[in-house]
Structures are given as structure tokens and as C-alpha cells.
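Observations on the three-dimensional arrangement
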Amino acid sequence: MVTGGAGFIGSHVAATLLARGDEVHVLDSLVTGSREKVPAGAELHVGDIRTDAGALFESVRPELCVHLAAQADVGTSVERPDYDAEVNVLGTVRVLEAARAHGTHVVFSSTGGAIYGECDGPAAEDAPRRPISPYGISKLAGEEYVGGWNRLFETGHVSLRFANVYGPRQEASLEGGVIAIFLERLAAGEETTIFGDGEQRRDFIYVGDVVRGVLAAIGHAGGVYNIGTGVETSINELHAVCRRVTGVNRAPAYAEARPGDVRRSVTDPALAERELDWRAEQSLEDGLRLTWKTLQEAAAG
Ligand SMILES: NC(=O)c1ccc[n+]([C@@H]2O[C@H](COP(=O)([O-])OP(=O)(O)OC[C@H]3O[C@@H](n4cnc5c(N)ncnc54)[C@H](O)[C@@H]3O)[C@@H](O)[C@H]2O)c1
């Protein structure tokens, strides 16, 4: 069962589970996801995790649930914190309860960027959690439920804190879409804008590496792991790599910094390397080339 399997990361997870021979069901409300993203061979159940998880788990009885469905937009979480909490907290509780009824193992998608807040260096899992958005708070609450369910019900669910994920099928309009935005605008000959001085640093991870992280966590007995690269890239550097990859050498425009934008956000992947035997493999330049190739193929029809 892949909740959010019609979204960016979920569609890649669903495709990889299908490729290894699993029967794959997707629960997605399509609020930001789309039917077209669901890979052929996976069964899409259009529904809401808040209201439909129980009945669907009852009929499918999944062994595994990769729980990716979420309100994943920071701006929306600020405008509508109640909706954000409903989906990310209540929805996660409903998924955990549906899983409990059928002994389903859960891998929960949390976030590094929104949970650690401003970082002094690569943040390990025990670094202070200082979320600065309702989204970060609701994801952290989700993690606490996952950990609490493990203690209460002796389940072995795992939480993964993804860094800034990019890759094919990411929507430029959704949260974290800076790479999709840069590539699409450069390709279209449009202006790209950097907010602030561009020296804010992020940990960009290719979606294929994230999917391998999910696979590594399946069956693991509990825990919270960063799924990041440990490598910091400034937005100015990112823009330069995007220009190299697209071959469009157009300088960015600069606009006023956005309130709440942290200067430094990077995760330390050492624990996942040690305990899950997982590490990110794709360099930013190679990952961007793969993303760019897919965008060009899509544009060519
Ligand atoms: N993209 C990133 O950089 C990133 C970073 C850290 C964590 N995450 C987490 O990874 C997960 C997937 O993110 P994504 O980038 O693929 O986002 P996405 O918006 O593409 O995918 C989320 C999916 O959840 C579905 N959904 C939303 N509310 C729902 C509900 N109530 N019931 C059923 N389905 C619902 C949406 O339709 C969408 O298909 C999210 O949990 C997000 O918080 C993403």
C-alpha cells in the first residue's frame, strides 16, 4: 500500500515495488497528485487517508504501507494549519490504526528540512528539532505517533526524514520544486528568480536515492533516519549547475528574501549508512541531467 502514490515520490516508490514483483495498491485523494503518475500495474484507490484508510486496509490487508500521502506544502500549512494538521496528524493516526488492525509494517515519510530548522552543520537525528512551520510541526507529530505506536503496540514502524527531494515527475508548482522551476524556466527562455542572496544552503537528494532508502527501511525494526546526502549546495551553485545541464546560460534575477527561509539546512546520513546500509549515490549534476532528460522527453511528447 502506497499512500500518496499518485504524487511525486510515491509514484517512484510504487514503480519500484512493482518492479520487484509486489502487488501494489495506491491510496490517494488526487488533491495534488494525478492519475497519470500512478504506474501501470498499480491499483489506484481514490480516497482520503482520513476517512478511507480503514476500509481499504480491511479489503487489501497489506503487509507493508509506505505512508507518503500528506499536505506537503509549507505555504499552505501557514495559511491553513488546521487542514495541515488534519491530513498530517489525524491522517497519519488513521493510517497507523488501519495498519495495526492488519499487522501492516509502516514506513513513514517525514522531513529533515522542515523539522531541524536552522542548522549549524549536518543535523544528526538527535539534533534539536526546531520546526518553523505548521508543516514541520505536523510531520514531527506524525513521527511521534509512529514512535509511540512502536512502544505501545510493539510494532517496528520506521520514520524517514527526507532532505530536499528532486527528480523526474516533480511539479514546479509544489513545495520544494526549486529545481523543477529552474529547469522548466530556463528551458522556456523565461527568467528565474532567486530569493535573497542565493547563499542559503540545502541538501538536495535525487528521488531514486530516496526510493532506495525506503526499500532499505522496509522490514527494519523501528527507528528514525535521515535520508539525505550530507552535502550542502547553495541556491547560487544550484542555479549554475542547472545552467550547465540545460546549456542555457541566463543569469538569475534576485528578489527579496522570503520570511522564514532558513540559511542552512542539511542532514547527516551517517546513521542510515550504519544501520540501513544505505547511502545516496547520485551526484547533483548527474541527478539533474537525468531530471532534465525526462523533462525534454516529456516536452517532445
Ligand atoms: N518532496 C520533498 O522534497 C519532500 C521532502 C521531505 C518530505 N517529503 C514528504 O514526502 C511525501 C511525498 O511528498 P511529494 O513531494 O511526493 O508530494 P506530493 O504532493 O507530490 O505527494 C503527496 C500525495 O499525497 C496525496 N494526498 C494529499 N492529501 C491526501 C489525503 N488526505 N488523502 C490521500 N492522499 C492525499 C496527494 O494527492 C499527492 O499525490 C510527503 O509526506 C512529504 O511530506 C517530501
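One can find the structure itself at the top, above this paragraph.
In this text the structure is predicted, and so the values were computed from the model without any measurement.

Another aspect to go through is the environment of Asp120. In this fold, Asp120 is placed in the loop between α5 (113-116) and α6 (134-153). Classification of Asp120 by relative accessible area gives exposed; the value is 70%. Separated by 37 residues in sequence, Asp120 and Tyr83 have C-alpha atoms that sit 31 Å apart.

This part is about the sheet that holds strand β2 (residues 25-28). The parallel open sheet is built from 7 strands, whose spatial order is β3-β2-β1-β4-β5-β6-β11. Strand pairing shows two members of the sheet lacking a second neighbour, β3 (43-46) and β11 (224-227), which therefore form its edges. Relative to β11, strand β6 (residues 158-162) runs parallel, the two being bridged by 4 bridges. Across the sheet, the residue bridging to Ser159 is Val224, located in β11.

All right, on to the packing of helix α7 (residues 178-188) against helix α11 (residues 284-299) then. Where α7 contacts α11, the axes come no closer than 11 Å and their chain directions differ by 55°. Between α7 and α11, the angle falls in the class oblique. Crossing hand, α7 versus α11: right-handed. Across from Ile179, Leu183, Glu184 and Ala187 in α7, the residues of α11 making contact are Leu284, Leu288, Thr291, Trp292 and Leu295. Across the contact of α7 with α11, the residue classes tally to 7 nonpolar, 1 polar and 1 charged.

Another point: the pattern of salt bridges. Evaluated as defined, the whole model comprises 20 salt bridges. Between Arg20 and Asp22 there is a salt bridge, with the nearest N and O atoms lying 2.9 Å from each other. Residue class for Arg20 comes out partly exposed when judged on its relative accessible area of 46%. Note on Asp22: relative accessible area 26%, which makes it partly exposed. Taking the shortest distance from any N to any O, the salt bridge between Arg201 and Glu237 comes out at 3.8 Å. Highlighted residues: Arg201 in strand β9 (residues 201-202) and Glu237 in helix α9 (residues 235-246), separated in sequence by 36 residues.

Cut-offs and rules
Residues numbered from 1 in each chain as written. Predicted model: local features only at pLDDT ≥ 70, side-chain atom pairs only at ≥ 80, totals over all residues. Heavy atoms only, no water. Helix = DSSP H or I, 4+ residues; strand = E, 2+ residues; numbered from the N terminus. Buried < 20%, exposed > 50% of the residue type's maximum accessible area, 1.4 Å probe, protein only. Pairing = 2+ DSSP bridges. Axes fitted to C-alpha atoms, helices over the stretch in contact; angles between N-to-C directions. Parallel < 35°, antiparallel > 145°, perpendicular 65-115°, else oblique. Left-handed = near helix turned anticlockwise from the far one by under 90°. Contact = heavy atoms within 4.5 Å. Nonpolar A, V, L, I, M, F, W, Y, C, P; charged D, E, K, R; others polar. Salt bridge = Lys/Arg side-chain N within 4 Å of Asp/Glu carboxyl O.

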